[in-house]
Amino acid sequence: MTFEIDVGGRVRQVSVEPLGAADGSGGRFRVRVDDDVVELDARPTDLGLSLVTAERRVVDAALTALAGGDWLVELPHVVVRAAVDGRRSRRAEADARGAGQQRLVAPMPGRIVRVLVTPGDQVAARQGLVVIEAMKMENELAAIRPGTVSEVAVAEGALVEAGRLLVVVE
Amino acid sequence: MTFEIDVGGRVRQVSVEPLGAADGSGGRFRVRVDDDVVELDARPTDLGLSLVTAERRVVDAALTALAGGDWLVELPHVVVRAAVDGRRSRRAEADARGAGQQRLVAPMPGRIVRVLVTPGDQVAARQGLVVIEAMKMENELAAIRPGTVSEVAVAEGALVEAGRLLVVVE
Amino acid sequence: MKVLIANRGEIAVRIIRACRELGLGTVAVYSDADRAALHVRLADEAWHIGPSPARDSYLRIDGLLDVARASGATLVHPGYGFLAENEVFAAACVDAGLTFVGPTADAIARMGSKTAARHAAIAAGVQVVPGAVEPYAADAPEAAIVAEAERLGYPIVVKAVAGGGGKGMRTVEAPAELPAAIRAARSEALSAFGDAAIYLERRLIGPRHIEIQLLADHHGTILGFVERECSIQRRHQKVVEESPSPVLPADTRRAMAACAVRVAREVGYTNAGTIEFLVDATGEFFFLEMNTRLQVEHPVTEMVTGVDLVQWQLRIAQGERLTVTPEQALTPRGHAIECRVYAEDPDRQFLPSPGLVRALSTPAGPGVRDDRGVAPGFEIPVFYDSMIAKLVAWGATRADAIDRLARALNEYRVVGVQTTVPFFQWIVRQPEFLEGRFDTTYLDRVLASRQGQPFVDVTDADARDAAMAVALGAWFRAHGASTAGTGDSGGAWRRAARFEGLGGLGS
Amino acid sequence: MKVLIANRGEIAVRIIRACRELGLGTVAVYSDADRAALHVRLADEAWHIGPSPARDSYLRIDGLLDVARASGATLVHPGYGFLAENEVFAAACVDAGLTFVGPTADAIARMGSKTAARHAAIAAGVQVVPGAVEPYAADAPEAAIVAEAERLGYPIVVKAVAGGGGKGMRTVEAPAELPAAIRAARSEALSAFGDAAIYLERRLIGPRHIEIQLLADHHGTILGFVERECSIQRRHQKVVEESPSPVLPADTRRAMAACAVRVAREVGYTNAGTIEFLVDATGEFFFLEMNTRLQVEHPVTEMVTGVDLVQWQLRIAQGERLTVTPEQALTPRGHAIECRVYAEDPDRQFLPSPGLVRALSTPAGPGVRDDRGVAPGFEIPVFYDSMIAKLVAWGATRADAIDRLARALNEYRVVGVQTTVPFFQWIVRQPEFLEGRFDTTYLDRVLASRQGQPFVDVTDADARDAAMAVALGAWFRAHGASTAGTGDSGGAWRRAARFEGLGGLGS
């Protein structure tokens, strides 16, 4: 099986080939990452996967499969977000493209405490657009890139569901 | 759904009826235990089930479904073995019947360190028959009831698999 | 004897454990969202008290008293947050014939008003942070506040009279920012505490937040403990606490503890409480406020003194005499550091990350204390504080404690939601933290200067490992193996996934 | 710098943690059965060293040295068990240019012979348990041993010269039992240690097993620690250990520690070791033997002294000077008790219970240390010791520690295999244990008197709860919900199930 895996904007072609008796309970695999071929031992664990590389390096990875093809990979010292098969993470994409419409949606259910912009406002990168209260915290949601506010879709005090459109910046 | 549940030789008729929106993720149930009817809230957990009874008593049970219809139920202060639907645990059955042939099988893979009886021997209840070494321990396997050894099916030093017949006591 | 635990999450679990150890029965309460919460599963009894929003459940005094009556509980432990500093609740418990595990309603009311508390400190001969002596009511004109700020001098802090936990609090660097800060503080205070009154305090230079834990019995004994250093704060919210402070001289500790005891005596304080001080760059200390309840960070004190504060709360409430000596209380053995693990994404401005905990592995082994309120399979609700656990590390020295903390953080895995663990992995490597060179402004300053730069530095080798793990994970999923994060488990999981997929800015 | 950890299970995990805290790299080894073991998952590197039987993997000196060479490890920590007390291994490490984290091969050899160790103790002026001075070779005639036993007087203990952990050891009450005991001890000693030599010791009256932990650096400092009480033993195997002893007077502690230090000095001992004593009913103490390695029960000492013994092993091995003071080492703060959690069924004569750990929840919170070597999803192999974890509780007093231990045991859940947790829940309620009235014969006596009566007292209410839980569990299974213990997960699970189904006596 071959996958396109995008980590931080760099896409790697990764192919997985079981060796010998490898099956759903684990075993040895030949993994090609772009032009490198490595053999390693992989086993499912309660958290994700335990890998031992050919150099005997241990990679104990906790895995969360997110919606939309994204995965969260927890290694002992680092957490990495990856996307599989061309579905680059929306955020990475937005960051990378550096242009186009930004549609701010509610990341979680909550209450809109403050709306900080009105249509027509020029906003800078990282400028706050809306403050949403959830989990007892006020969280400021900011623009990623500069632009002009074209739409404000909520009012202060509104209770919103996750995914609800809040502000559009062109 | 109705089950016959045997705990320690006492069989209870237990029927389970979901109430309202109860489904695989939990909810309220009407449970009949013999002639008593109780309503309780039940939810699956990482370990088994969390129950809250009508009296608000919490029963956080870890559950292991064993082979042959037996279940192991871990409550905070006690571990209980139960059998479902007429398949009373072999051990309980053997204990209860108090007569008949006893077939001693290896409870785990191991090495037979000593055979303590020979055919024709009279053995008392709880008398050792065979010593098996496993997990670095010597474990004496004993008769449950008195009887006469009719067959010794292993020799000292033998490596045995789990389930292998060792001794028969009539 | 049964104790009603009027709280949820890790602190409810903490209290249940103390009750168990003392042989007391435990009565938990839960909202809709918390039916399968760990505190429910660990209790002897659990009573449903309403819908998920706290105002409909954990803040419903009537419902809690009903549970106490129906369950036969005779003690009520409020934990922290929710009703812990609500004098109406304390009084209602007493009126209902229950023993409230905490100070009297009077003491709560008096110290709960930040301005009244300042008066009490002054009466006890303890220096307070310079500032306005009287509060400004919700409708006090802005102009008066602006004038007083001018008199005190900038930078200045606007604070809610009823405040706590950094809510209703704004630091103002220059006069132009003051009106907005006043409005924000009033609005936050009103929504958090139902009281929009505010007051002003001068912002000290290089202030460290250092606090003294107190235990006071009903027989006149008041004990001050070795200090806790809580200067690592994000938006006025403590995130890392330790004991002892890396900088406080032993004589200052004793002086500070003595002052704390005097303030407590001044208000006839009983049970556990904490006096917070600010210590300026010259080492002078000023009374800041009193927390009339158990603190989140109480475990660091327990670990260096060996005194179980929650057990003592329960024992004192039952009339026992304190038998801990001042020497025990003031002499730390080793060093303890606590990290508050939040379900938040540190790489997205600490945005809350509620959802299903699919799998969990918390650190263990020597010198590690794992106080958590969640278990695998639990869906962290959006309705409450996002703190899901506390990780505390003990070491013979501060350096040992930090090394152990770093080791423990590397063992921490929460599959399903984002946590602040990567942030803590970052902070334990910062020179300022390692050397103890920080004040309460440190973290916000350094966070602002990072411009959203991620805490986790993903090297090319890490990215390659992650890519391999994801490809293999996908392979295993395709071959029917169910690893924790790769399977599918119905509704709860789908709800969590939706959040992740839609988080932040779409494009 | 890297450390090769020549062990598995909880002690390998413990050593990995100490290495991490000291900034040392960790090289784990594993057999076929241990590929997914926790110690492998937590290490920086993991090397396969052979098939599952220990003699083909963990006991293969050549294979371990190959790994050290190939990985670039410069230190080797042997843990306990396996090769920890094998002087050939220690010498081979040194010959290969590696630092063995332990005493010299000479010291291991000398103290490894129980009879040579007795000579060393006598030379150091320390009283030994009365017994035969010289060992009996594998082919020594039984008659000579019988005669010597007659001279010493019954009851008598037959012990393997190379023994440890209760193996190759038999207590004999009357002459008629002696020949069988000699044969059994020789056979067990041969199979466990490859050496059938035995010796005799008189059995003391009411003997308590009390031991002194030592640390000795390479600069002449030898430190004796507050004692550990290890009298709760089943078949000569420790199951519960604590520190301090509930009965030892402070002056006896100091005298015993001083004796222990003298014995260590006599043999030029370095690194960590333990001198075991027997204390008779009159309070007199006798040298029993020395363990030239880290003990299973070292955490109780760590918890009451705050000294990290494993870190010190690694630091001493690198030439550091001990900086712990005798006062620190000898002055316990509070009380700590350890339970060795075995995968055994206490209600079936402690029959091993290997198999798949389907889910696991270990206790946490204040004063609890969870040292475990397994994680959910791991299949406990049949090839090794059945100890899967240690649970240690600390309290300000012994009574507090017991209350906390009881609380923690009630939180312990291992789904899939049987453990000795129910046995510990029983023992913490026994008056003899609560009052500290026990000697090394206590547990075997009380177990024998119970005639196989189950440890868990199942009340009618419990049975009813269990019946409801099972019925609901079956209902949920039928409705597609996968709770930990109710799903199905392929081969490993089926293997575990087969054991359960066939266990013990079929009919």
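Just so we're clear, the structure is a prediction, and the values are computed from it rather than from any experiment.

Reading guide: rules and limits
- Numbering of residues starts from 1 in every chain and runs along the sequence as written.
- Lettering of chains starts at A and numbering of ligands starts at 1, both following the order in which they are written.
- Reporting in this predicted model follows two pLDDT cut-offs: at least 70 for local features of residues, and 80 or more for side-chain atom pairs to be given and counted; totals over whole chains, interfaces and linings ignore these cut-offs and use all residues.
- Computation of side-chain values covers all heavy atoms of the structure but excludes hydrogens and water.
- Working definition: helices are DSSP H or I runs of at least four residues, strands are E runs of at least two. Numbering for both runs from the N terminus.
- Radius of gyration: C-alpha atoms only; globule rule: 2.2 Å multiplied by the number of residues to the exponent 0.38.
- With a 1.4 Å probe rolled over the protein chains alone, any residue whose accessible area is under 20% of its type maximum counts as buried; one over 50% counts as exposed, and the rest are partly exposed.
- Under this rule, positive means Lys or Arg and negative means Asp or Glu; His and the chain ends count for nothing.
- Lys charges are placed at NZ, Arg charges at CZ, Asp charges at CG and Glu charges at CD.
- What makes two residues a contact is simply this: any of their non-hydrogen atoms within 4.5 Å.
- Accessible areas in this description were obtained via Shrake-Rupley with a 1.4 Å probe; residue shielding takes into account the shown protein chains only.
- The definition of a nonpolar core used throughout is a set of buried Ala, Val, Leu, Ile, Met, Phe, Trp, Tyr and Cys residues joined through side-chain atoms within 4.5 Å.
- The pairing criterion for strands is at least two bridges between them, as found by DSSP.
- For helices, the axis comes from a line fit to the C-alpha atoms of the stretch in contact; other axes are also lines fit to C-alpha atoms, and the angle between any two N-to-C directions lies between 0 and 180 degrees.
- Salt bridge, as used here, is a side-chain nitrogen of Lys or Arg placed within 4 Å of a carboxyl oxygen of Asp or Glu.
- Note on terms: buried area is the combined drop in 1.4 Å-probe accessible area of two parts once they are placed together, counting the loss on both.
- Within 3.5 Å is the distance limit for a polar contact, defined as a pair of N or O atoms, with the added protein rule that one can donate a hydrogen and the other accept it, and that residues adjacent in sequence qualify only through two side-chain atoms.
- A helix is expected to span 1.5 Å multiplied by its residue count minus one.
- Look down the strands so they point away from you; if the path from the first strand over the helix to the second goes clockwise, the crossover is right-handed.
- As a working rule, the residues Ala, Val, Leu, Ile, Met, Phe, Trp, Tyr, Cys and Pro are called nonpolar, Asp, Glu, Lys and Arg charged, and the rest polar, with Gly in that last group.
- Stacked, edge-to-face and tilted are the three classes for Phe, Tyr and Trp ring pairs, Trp counted by its six-membered ring, which pair at centre distances within 6.5 Å; planes under 30 degrees apart are stacked, over 60 edge-to-face, the rest tilted.

1. Side note on the overall build of chain A
- Helix and strand counts for chain A come out as one helix and 16 strands.
- For chain A, whose C-alpha radius of gyration is 21 Å, the value lies well above the compact-globule estimate of 15 Å for 170 residues.
- Here the C-alpha coordinates of chain A stretch approximately 60 × 35 × 25 Å along the principal axes.
- For chain A, the proportion of its 170 residues judged to be buried stands at 52%.
- In chain A, 21 positive and 25 negative side-chain charges are present, and the distance between their average locations comes to 1 Å.

2. Observations concerning the overall build of chain C
- The secondary structure content of chain C amounts to 18 helices and 24 strands.
- In terms of C-alpha radius of gyration, chain C reaches 23 Å, essentially the compact-globule figure of 23 Å for 507 residues.
- Principal axes of the C-alpha set define a box for chain C whose edges measure 75 × 55 × 50 Å.
- Among the 507 residues that make up chain C, the fraction classed as buried is 67%.
- Considering only contacts in chain C between residues 6 or more positions apart, those separated by 24 or more positions represent 68%.
- Summing over all exposed atoms, chain C offers an accessible surface of approximately 15,700 Å²; the carbon and sulfur share of this is 53%.
- Where the 53 positive side-chain charges of chain C centre and where its 61 negative ones centre are 3 Å apart.

3. Overview of the nonpolar core
- Counting 96 residues, the largest nonpolar core has C:Phe89, C:Ile232, C:Ile380, C:Phe423, C:Ile427, C:Phe433 and C:Leu443 as its most contacted members.
- Discounting chain neighbours no more than four positions away, the residues touching C:Ile232 are C:Gln237, C:Lys238, C:Val239, C:Val240, C:Ile427, C:Phe433, C:Phe438, C:Tyr442 and C:Leu443.
- Of all hydrophobic cores here, the second largest spans 95 residues; its members include D:Val3, D:Ala343, D:Val421 and D:Val428.

4. Let's talk about the sheet that holds strand β6 (residues 156-164) of chain D
Residue and element names in this part refer to chain D.
- Spatial strand order, β7-β6-β8: three strands in an open sheet with antiparallel pairing. One side of each edge strand has no neighbouring strand; the edge strands of this open sheet are β7 (167-172) and β8 (198-202). Looking at each pair of strands side by side, their axes are set apart by 25 degrees on average, direction ignored.
- With five bridges connecting them, β6 and β7 associate as antiparallel partners. Within the sheet, the bridge partner assigned to Val157 lies in β7 and is Thr171.
- Those strands touched by helix α6 (residues 114-123) are β6 and β8, and its axis lies near 100 degrees from that of β6.

5. Remarks on the pattern of salt bridges
- In the structure shown here, the tally under the stated rule is 106 salt bridges over all chains.
- A salt bridge links D:Glu201 to D:Arg118; the nearest nitrogen and oxygen atoms lie 3.3 Å apart. One end of the pair, D:Glu201, is in strand β8; the other, D:Arg118, is in helix α6, and 83 residues separate them in sequence. The pair formed by D:Glu201 and D:Arg118 is uniform in burial state, with each residue classed as buried.
- Measuring nitrogen to oxygen at the nearest pair gives 3.8 Å for the salt bridge that ties D:Glu289 to D:Lys159. Of this pair, D:Glu289 sits in strand β14 (residues 285-291) while D:Lys159 is found in strand β6, placing the two residues 130 residues apart along the sequence.
- When its relative accessible area of 5% is taken as the criterion, D:Lys159 is described as buried.
- Here the residues in one salt-bridge network are C:Arg14, C:Arg17, C:Glu21, C:Glu302, C:Asp308, C:Arg369, C:Asp371, D:Arg404, D:Arg407 and D:Glu411, joined through shared partners.

6. What to know about the interface of chain C and chain B
- Across the contact, 11 residues belong to chain C and 14 residues belong to chain B.
- Interface area for chain C against chain B, summed over the two sides, is near 1,000 Å², with a carbon-plus-sulfur share of 49%.
- Counting the surface chain C buries against chain B, the share from its top three residues, C:Arg35, C:Arg41 and C:Trp47, is 59%.
- Applying the counting rule to chain C against chain B returns three salt bridges.
- In this structure, the salt-bridge partner of C:Arg41 is B:Asp46, at a minimum N-O distance of 3.0 Å.
- At the boundary of chain C and chain B, one finds six residue pairs in polar contact (both at pLDDT 80 or more).
- Put simply, the parts of the chain that give the side of chain C that touches chain B at least two residues each are α2 (38-42) and β3 (45-50) of chain C.

7. As for helix α9 (residues 250-266) of chain C
All names here are of chain C.
- The end-to-end C-alpha distance of α9, which contains 17 residues, comes to 24 Å, matching closely the 24 Å that a straight helix rising 1.5 Å per residue would cover.
- Of the residues making up α9, those classed as buried are Thr252, Arg253, Met256, Ala257, Cys259, Ala260, Val261, Val263 and Ala264.
- Directly beyond the C-terminal end of α9, a positive phi value near 60 degrees is found at Gly268.

8. Examining the environment of B:Pro107
Residues and elements named next belong to chain B.
- Tracing the backbone through its elements, the reader meets Pro107 in the loop between β9 (102-105) and β10 (110-115).
- Taking the relative accessible area as the measure of exposure, Pro107 reaches 0% and is therefore buried.
- A sequence separation of 35 residues divides Pro107 from Ala142, and the C-alpha atoms of the two residues are 12 Å apart.

9. Quick look at the pairing of strand β2 (residues 25-31) of chain C
Residue and element names in this part refer to chain C.
- Counting buried positions along β2 yields seven of seven residues, so the element is predominantly enclosed.
- Burial along β2 is two-sided: the residues Gly25, Val27, Val29 and Ser31 and Thr26, Ala28 and Tyr30 are all buried.
- Across four bridges, strand β1 (residues 2-5) lies against β2 in parallel orientation. The residue bridging Ile5 from the neighbouring strand is Ala28, located in β2.
- Remark: the β1/helix α1 (residues 9-22)/β2 crossover connection has right-handed handedness.

10. Focus: unusual backbone geometry
- For the bond from C:Ser243 to C:Pro244, the omega torsion is -5 degrees, close enough to zero to count as cis.
- Along the chain, the position of C:Pro244 falls in the loop between β12 (237-243) and α9.
- That bond from D:Tyr154 to D:Pro155 is cis: its omega, -10 degrees, falls within 30 degrees of zero.
- Position of D:Pro155 among the secondary structure elements: in the loop between α7 (142-152) and β6.
- The phi torsion at A:Asp34 lies on the positive side, around 50 degrees, for a residue other than glycine.
- With respect to the helices, strands and loops of the structure, A:Asp34 is situated in the loop between β3 (26-33) and β4 (36-44).
- For C:His236, which is not a glycine, the phi torsion comes out positive at approximately 65 degrees.
- Structurally, the position occupied by C:His236 is in the loop between β11 (228-234) and β12.

11. Side note on the interface of chain D and chain B
- Contacts between the two partners involve 80 residues from chain D and, on the opposite side, 79 residues from chain B.
- Regarding the contact of chain D and chain B, the summed buried area is about 6,600 Å², with carbon and sulfur atoms giving 65% of it.
- D:Arg464 is the partner of B:Asp36 in a salt bridge, and the nearest nitrogen-oxygen pair spans 3.0 Å.
- At the boundary of chain D and chain B, one finds 10 residue pairs in polar contact (both at pLDDT 80 or more).
- With 18 residues, helix α17 (residues 460-478) of chain D is the largest single contributor of residues to the side of chain D that touches chain B.
- In terms of residue class, the side of chain D that touches chain B is built from 37 nonpolar, 23 polar and 20 charged.

12. Quick word on helix α10 (residues 298-305) of chain C
Residue and element names in this part refer to chain C.
- The buried fraction of α10 amounts to eight of the eight residues, a majority that puts the element mostly inside the structure.
- Within α10, the full set of buried residues consists of His298, Pro299, Val300, Thr301, Glu302, Met303, Val304 and Thr305.
- Looking at the residues trailing α10, positive phi occurs at Gly306, about 75 degrees.

13. Regarding the sheet that holds β2(C)
- Taken together, the five strands give an open sheet; going across it, the order is β3-β2-β1-β4-β5 (chain C), and neighbouring strands pair in parallel fashion. Each edge of the open sheet is held by one strand with a lone partner, namely β3 and β5 (99-100) of chain C.

14. Quick word on the environment of C:Ala160
- With respect to the element layout, C:Ala160 can be found in strand β6 (residues 156-164).
- Here the alpha-carbon distance between C:Ala160 and C:Asp195, two residues 35 residues apart in the chain, equals 8.0 Å.

15. Some remarks on the side chain of D:Asp345
- Residue placement: D:Asp345 occurs in strand β16 (residues 344-345).
- Setting aside residues up to four positions removed in sequence, D:Asp345 forms contacts with B:Arg81, D:Phe350, D:Leu351, D:Ser353 and D:Gln418.

16. Here's the deal with the packing of aromatic side chains
- The final tally for this structure, using the stated rule, is 34 aromatic pairs over all chains.
- Between A:Phe29 and C:Phe476 the ring centres are 5.5 Å apart and the planes differ by 70 degrees, which places this aromatic pair in the edge-to-face class. A residue pair is termed interchain when its members come from two chains, as with A:Phe29 in strand β3 and C:Phe476 in helix α17 (residues 460-478). Exposure class is identical for A:Phe29 and C:Phe476. Each is buried.
- Pairing D:Trp426 with D:Phe455 gives two aromatic rings, centres 5.1 Å apart and planes at 65 degrees, and the pair type is edge-to-face.

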